[in-house]
Amino acid sequence: MASIDVTEILKASSAGYQPAAKRPRPSSNENNVVNTPSTNPQDILAALEDESAQNITIDDVYVKKLLSQLEKKSLKNREMRIKHTDDPKKFMDSEVELDTAIQEMHILATQPDLYGCFVEAGGPSLMLSLLAHENTDLLGATANLLQELTDVEILNEGEEGAAQLIDSLATGRIVETFVTSFEKLDETNKDDADAVHNALSVVENMIDFRPETAEDCVSQGLFHWLLRRACQKGTFDANKMYASELVALLLQMSESAKKKLTEKVDGIDMLLRALAAYKRHDPNSLDEREHMENLFDALCASLMLPTNRAKFLEGEGLQLMNLMLRERKQSRESALKVLDHATTGPEGKDNCNKFVEILGLRTLFPLYMRTPSKVKRKDTTPDEHEEHVCAILSALFRSCGEDARQRMMLKFVEHEHEKIDRAVELFIKYREKVNKFEAKRARNPDSSVDEDVDREYMDKLDAGLYTLQNIGLVIADVCAHTNSARLRAAKLFSMKMKQDKISKVLLPLLTEYQANLGDSAEDERRRIDILISRLTKTDRERD
C-alpha cells in the first residue's frame, strides 16, 4: 500500500486551530484499516491522531517537554526575525513551527490537574511573551489557547492548579498585555476579531474565578478600552456586544470603575449617546437587543455613585429616558429602570425635580395606570414594571419641592380619583403577595433564615414588600395632605379590606419601613413620623 503524505494536511490544520469532531469508530470492526481511495482526508488525520494519542502519557514530564519545545521554537523564531528583519520569507518556517508548538499545548486543557506543573515550568510568562509577538496570527493562536485553558468549567475541575494559573497571569499583568495587543489587531479581519473575542473571554473567565481581576481591568486600562468599543458608532458585531457586557459587569462589581467612568472622558455621555440610537428604532437582532440591555445595565450601575447622577442630569439623561418612554419601543422598560435608579434616595433629589419640570408626569402616569399586559422581553415582567413605577412615584413625593408635590397631588384628585383607585388596587395586590410569602415561610421554616433577621427582611422585599412599601408611602402622603383622596381611599379599603381607617391599614407597613431605615436616613425617618401623626390624627377626629 502506498504511503500517505499528510504534511500538507497538518500544515493546513495548524494555520487556524479548530479541532474537528472525530467520527466514532464502528463498534462492529474496531480494527478497520483505511484502504479506500474515497476516504476523506480529515478521517485519515483523525485516525492518525487517535493512534498517536494512544501512545502518549500526559503527565508532568510531557507538559515540561511541550513547554521546553515551545520555548525553543519561540527563541529560534526571535533569532530568525532579528537576523532576517528585511526578508520575512527566511523566518516564515520558524513561525509555522512556533504555531504548531502552540497548537500542541491545547492538550493541557484536558488535564487541569497539571496546571500547577505548567505554572512552575514558566508557562504563563511564556504565554504573555507570545501575546506580544509581532505576528498577529501567533498572537491570536495564543489568545485562543489561553481561552481554552481558562474555561470556567475546566478551572473548576482543578481548583488548586487553576488558582496558580490565574494568579500567575494576573501577576504578569495579562490585562495590560491584552490592551497593548489590541492596538496591533484590525477587527475588520475575522482572525483578528476572533483574537479580540478570545482575549475578552479570558478576562471574563478570570473575573469569574478571581473577582479581583475586575480591579485589574480598571487600573490596567481595559475598562476605558471596553467603554469606547461598546459605544463605538457603526456596525454592530459580536465584540461590540461582548464589550458592553463586560462594561456592565465591571460597573456592577467595582466602585473604582464607577469613578473611572467620568475621569478623563465623560462615560455617562458616551453611554447616553450610544443608547440614543434606540430612542426611535428597535435593535435589528436579538444579539443587538442584548447589547442595548447591557448599555442600560451599565448606566444603572453607574448611577449608584452620587456624582454620576449629576453627570446624568447635566447630560440630559432624564430627557432621553422620558422620550424613550413616550416612543414605546423596546427601550421603554429599560428607560423606566434607569429613571428608578436616577431618582431613588436623597441623591436623586435634583433628578426628581427636573423630571417633573420636563413634564415627565405626563409620561409616567399612563404607565402607572396600566401595566403592559404582554412584555415581550425575557428580562422584564409586569411586576418589575410596577416596581419601577411605584419606586419612582415614591421618590418624587419624597424629594420634590412644594410646587412639584402640589402638581402630583392634583394628579391623584383628577378624573374622580382614578389614581387613588389604582393605588389601592396595587396595594391590595402586593399585600396579598407578601401574606402568601409569610404563610409559605411559616409552613416551611428555614432555621438559618430565622436566625438572620436582615436576610429574612431582604427576602420579603424581593417577594413584593418593596413595591408594597412604595405604594403605601404614596397613599400615605396623598391622604395625609388631600382630604378628598383620603375619603376615597378609606371607602375603598372599607369595601375591599373591611377596614375604613387608613391609619390601621398603613401604620404597620410604615412602622416596619421606618424601623429598617439606615442610620443616615434621619430626614426620611422624620417624614414618616409626620405622615403617621397626620393619618392617626385624622382617623381620631373622625371617631
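Calculation rules
Residues numbered from 1 in each chain as written. Predicted model: local features only at pLDDT ≥ 70, side-chain atom pairs only at ≥ 80, totals over all residues. Heavy atoms only, no water. UniProt positions renumbered as here; feature names shortened; annotations may be inferred. Helix = DSSP H or I, 4+ residues; strand = E, 2+ residues; numbered from the N terminus. Buried < 20%, exposed > 50% of the residue type's maximum accessible area, 1.4 Å probe, protein only. Contact = heavy atoms within 4.5 Å. Areas by Shrake-Rupley, 256 points an atom, 1.4 Å probe, with all protein chains shown as cover. Salt bridge = Lys/Arg side-chain N within 4 Å of Asp/Glu carboxyl O. Core = buried A, V, L, I, M, F, W, Y, C linked by side-chain atoms within 4.5 Å. Axes fitted to C-alpha atoms, helices over the stretch in contact; angles between N-to-C directions. Parallel < 35°, antiparallel > 145°, perpendicular 65-115°, else oblique. Left-handed = near helix turned anticlockwise from the far one by under 90°. Nonpolar A, V, L, I, M, F, W, Y, C, P; charged D, E, K, R; others polar.

- Going by the annotation in an unreviewed UniProt entry, the name recorded for the chain is Beta-catenin-like protein 1, with Heterorhabditis bacteriophora given as the source organism.
- Taken verbatim from the UniProt record of the chain, the Subcellular location (unreviewed entry) comment is "Nucleus".

## Considerations on the overall build of the chain
Thought 1: Helix and strand counts for the chain come out as 29 helices and zero strands.
Thought 2: By the burial criterion, 47% of the 543 residues in the chain qualify as buried.
Thought 3: For the chain, the proportion of contacts with a sequence separation of at least 24, taken over those separated by at least 6, is 75%.
Thought 4: Here the chain displays about 28,100 Å² of accessible surface, and carbon together with sulfur accounts for 48% of that area.

## Considerations on the pattern of salt bridges
Thought 1: Using the criterion set out here, one finds 32 salt bridges in the structure.
Thought 2: K258 is the partner of E255 in a salt bridge, and the nearest nitrogen-oxygen pair spans 3.4 Å. With E255 and K258 both in helix α15 (residues 255–260) and three residues apart, this pair spans about one turn of that helix.
Thought 3: What makes E255 partly exposed here is its relative accessible area of 46%.
Thought 4: When its relative accessible area of 4% is taken as the criterion, K258 is described as buried.
Thought 5: Among the salt bridges present, the one from E418 reaches K419, with a minimum N-O distance of 3.4 Å.

## Quick look at the nonpolar core
Thought 1: By size, the foremost hydrophobic cluster in this structure holds 151 residues, and its most contacted members are I174, F312, M321 and L396.
Thought 2: Residues within four places of M321 in sequence aside, it is in contact with L272, F296, L299, F312, A335, V338 and L339.

## Observations concerning the packing of helix α3 (residues 60–83) against helix α6 (residues 123–131)
Thought 1: At a minimum axis distance of 11 Å, the contact between α3 and α6 shows a crossing angle of 30°. Judged on the interaxial angle alone, α6 and α3 are roughly parallel. The hand of the α3/α6 crossing is left-handed. Every residue of α6 that contacts α3 at L67, L70, E71 and S74 is listed here: G123, L126, M127 and L130.
Thought 2: A breakdown of the residues in the contact of α3 with α6 according to their chemical character gives five nonpolar, two polar and one charged.

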